[in-house]
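Structure assessment
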Amino acid sequence: MRKVAVCAPATPLKREYAEAVTALAAKDFPEIELYFHDQCFVEEGHFAGSDKVRLDALLECANAPEFDAVWFAKGGYGSNRIATDFLGKASAEAGRKTYLGYSDCGTLLGGLYRARIGHPVHAPMPVDIKRDGGDEAVRRVLGWMGGDAEGLEQGLTGRPAAAFNLYTLAMLVGTRLMPALDGHELLIEEVGEYEYAIDRLMFHLVEHLHDVAGIRLGEVTAVPENDRPFGADAEQIVQYWCEKSGITYLGRAAIGHSSANRIVPFGLEA
């Protein structure tokens, strides 16, 4: 039996989603026991509780010896506000766990990877149960936690890998949470950003990534319509900045803000 704690380092989760994920796991993955921390459902302004409430819940889940993994319930915004304090207070027990999530929670995954604490993994989250096909996204993660490799991103090679939301990664650059990605295949995805904003983010990001093995682009969804055409789509933008900076463009990847989002363990575990 694998025991998995779920907490919300950023924004709150609706109870109905937690109940749906719990029911799915109990029915189809009896070897996985889920524990949803009550903090997941706390609402305080934008966040799932104050910074202290979110930090305490994350530490409780990470430092508890009975759990094998910590699954982030939902992204949104807010994990950056507690990430440094979390890393400073994580116990040796926290270093034995797997941490799963994506989007805003990439801040925590990046910080964990830099600090060499545990095993960070880009993966769907419980909130994804609400999407069309969300059951399959959740099954992908539960299956992987049970030892099934079918949910992995199929383009992974023998090189180390890492996967991030583009905006989240661009905000990590220059901070104490930014991991070294030399020699890594870097997978990026984005949601809800104008094409000019994607261009701006890539302009900033490539200045700090000269030693990566290459960049692969995942899904870019919900792109708003600007008042004038930008003149290039997301893939053309990424290709442009890769070529301009001497970074190899490696093609597409199946990660992103949809139920098709696949699993990418950080590092050589990929």
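The shown structure was predicted, so the numbers you read here are calculated from the model rather than taken from an experiment.

Definitions and limits used
Residues numbered from 1 in each chain as written. Predicted model: local features only at pLDDT ≥ 70, side-chain atom pairs only at ≥ 80, totals over all residues. Heavy atoms only, no water. Helix = DSSP H or I, 4+ residues; strand = E, 2+ residues; numbered from the N terminus. Buried < 20%, exposed > 50% of the residue type's maximum accessible area, 1.4 Å probe, protein only. Disulfide = S-S within 2.5 Å. Polar contact = N/O pair within 3.5 Å; in protein donor to acceptor, adjacent residues only side chain to side chain. Pairing = 2+ DSSP bridges. Axes fitted to C-alpha atoms, helices over the stretch in contact; angles between N-to-C directions. Salt bridge = Lys/Arg side-chain N within 4 Å of Asp/Glu carboxyl O. UniProt positions renumbered as here; feature names shortened; annotations may be inferred. Parallel < 35°, antiparallel > 145°, perpendicular 65-115°, else oblique. Left-handed = near helix turned anticlockwise from the far one by under 90°. Contact = heavy atoms within 4.5 Å. Nonpolar A, V, L, I, M, F, W, Y, C, P; charged D, E, K, R; others polar.

Overview of the environment of Arg200
- Mapped onto the elements, Arg200 comes out in helix 7 (residues 195–205).
- Note on Arg200: relative accessible area 52%, which makes it exposed.
- The sequence separation of Arg200 and Ala234 amounts to 34 residues, and the corresponding C-alpha distance is 12 Å.

Brief notes about the state of the cysteines
- This model, assessed by the stated rule, comprises zero disulfides.
- Just so you know, Cys40 is unpaired, no disulfide at all, and the nearest cysteine sulfur is the one on Cys7, 6.3 Å from it.
- A residue is classified by how much of its surface remains accessible, and Cys40, at 0% relative accessible area, is buried.

What about the side chain of Thr11?
- Assignment of secondary structure puts Thr11 in the loop between strand 1 (2–7) and helix 1 (15–28).
- Given the relative accessible area of 4%, Thr11 is considered buried.
- A polar contact of 2.8 Å, which involves the side chain of Thr11, links it to the side chain of Lys74.
- Within the structure, Thr11 has its side chain in polar contact with the backbone oxygen of Gly75 (distance 2.5 Å).

A look at the sheet that holds strand 6 (residues 161–165)
- Read across the open sheet, the four strands follow the order 6-7-8-9; overall the sheet is parallel. Every interior strand has two partners, whereas the edge strands, strand 6 and strand 9 (249–252), have only one. Along the sheet, successive strands turn relative to each other by an average axial angle of 20°, direction set aside.
- Sheet topology places strand 7 (residues 185–191) next to strand 8 (residues 214–221); six bridges connect them, and they run parallel.

What to know about the pattern of salt bridges
- Evaluated as defined, the whole model comprises 13 salt bridges.
- Between Glu93 and Lys97 there is a salt bridge, with the nearest N and O atoms lying 3.3 Å from each other. Each member of the pair, Glu93 as well as Lys97, is classed as buried.
- Between Glu136 and Arg139 there is a salt bridge, and its shortest N-O distance comes to 3.1 Å.

Here we look at the UniProt feature "domain: LD-carboxypeptidase N-terminal" (unreviewed entry) in the chain
- Summarizing the sequence annotation, UniProt attributes the feature "domain: LD-carboxypeptidase N-terminal" (unreviewed entry) to residues 4–115 in the numbering used throughout.
- Along residues 4–115, the helical share is 42% and the strand share 15%, with 22 Å between the first and last C-alpha atoms.

Things to note about the packing of helix 2 (residues 51–63) against helix 3 (residues 80–89)
- The N-to-C vectors of helix 2 and helix 3 enclose an angle of 40°; their axes lie 10 Å apart at closest approach. Looking at the two axes, helix 2 sits oblique to helix 3. At the point where helix 2 passes helix 3, the crossing takes the right-handed sense. Residues Asp51, Arg54, Leu55, Leu58, Leu59, Ala62 and Asn63 of helix 2 pack against Arg81, Ile82, Asp85, Phe86 and Lys89 of helix 3.
- When its residues are assigned to classes, the contact of helix 2 with helix 3 shows six nonpolar, one polar and five charged.

What to know about the sheet that holds strand 5 (residues 119–122)
- Pairing within the open sheet is mixed, and its six strands lie in the order 2-1-3-4-5-10. This sheet does not close on itself; its edge strands, each paired only once, are strand 2 (32–36) and strand 10 (264–265).
- Here strand 4 (residues 98–101) runs beside strand 5; their pairing, made up of four bridges, is parallel. Residue pairing in the sheet places Thr98 in a bridge with His119 of strand 5.
- Against the sheet, helix 2 engages strand 1, strand 2, strand 3 (69–72) and strand 4, with an angle of about 150° to strand 3.
- Running at roughly 145° to strand 5, helix 4 (residues 106–115) makes contact with strand 3, strand 4 and strand 5 of the sheet.

Digging into unusual backbone geometry
- You will see that Ser103, though not glycine, has its phi angle at about 60°, which is positive.
- Within the secondary structure, Ser103 sits in the loop between strand 4 and helix 4.
- At Arg116, a residue that is not glycine, the phi angle is positive and equals roughly 55°.
- Relative to the helices and strands, Arg116 resides in the loop between helix 4 and strand 5.
- Classification of Arg116 as exposed rests on a relative accessible area of 78%.

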